[in-house]
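One letter stands for each residue in the lines below.
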Amino acid sequence: MVDVKIYNIDDKDYMVVNELDDNNKHYLLLSNKEDEDDILFRRVDNNSLVPLDNEDEVVRVLQLFDETN
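Residues numbered from 1 in each chain as written. Predicted model: local features only at pLDDT ≥ 70, side-chain atom pairs only at ≥ 80, totals over all residues. Heavy atoms only, no water.

**Quick notes on the nonpolar core**
By size, the foremost hydrophobic cluster in this structure holds eight residues: Leu-20, Tyr-27, Leu-29, Phe-41, Leu-52, Val-61, Leu-64 and Phe-65. Counting residues per element, the ones that place at least two in this core are strand 3 (25-32) and helix 1 (55-68). Take this core: its biggest share by element is three residues, from helix 1. Sequence-distant contacts of Leu-64, that is, excluding residues within four places in its chain, are made with Leu-20 and Asp-22. (Core = buried A, V, L, I, M, F, W, Y, C linked by side-chain atoms within 4.5 Å. Buried < 20%, exposed > 50% of the residue type's maximum accessible area, 1.4 Å probe, protein only. Helix = DSSP H or I, 4+ residues; strand = E, 2+ residues; numbered from the N terminus. Contact = heavy atoms within 4.5 Å.)

**Let's talk about unusual backbone geometry**
Even without being a glycine, Asp-10 presents a positive backbone phi close to 55°. Turning to its location among the elements, Asp-10 is positioned in the loop between strand 1 (6-9) and strand 2 (12-22). Backbone geometry places Asn-24, a non-glycine residue, at a positive phi of 60°.

**Comments concerning the pattern of salt bridges**
All chains considered together, the criterion is met by five salt bridges. A salt bridge links Asp-38 to Lys-12; the nearest nitrogen and oxygen atoms lie 3.8 Å apart. Here the residue Asp-38 occupies a position in the loop between strand 3 and strand 4 (39-45), and Lys-12 occupies one in strand 2, the gap between them amounting to 26 residues. We note a salt bridge from Arg-43 to Glu-57, for which the minimum N-O separation is 2.8 Å. Here Arg-43 is found in strand 4, whereas its partner Glu-57 is found in helix 1, with 14 residues between them in sequence. By the burial criterion, Arg-43 is buried, and Glu-57 matches it. What emerges from the salt-bridge pattern is a single network uniting Arg-43, Asp-53 and Glu-57. (Salt bridge = Lys/Arg side-chain N within 4 Å of Asp/Glu carboxyl O.)

Laid out in structure tokens, this is it:
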């Protein structure tokens, strides 16, 4: 059995699809359990999930996840 991490964000359950580290930051790619087209990127900061800071960080994280696939 595979353990899947689930996070509740805005009253929706998101599962961790992928995760990676870059420049001492940990990022998660999350997918809504009910709608696989609803995805989020989040950064783990002090054991909390936070949105990415700006468009540059979003672009960087998209590139990183693309490189890992």
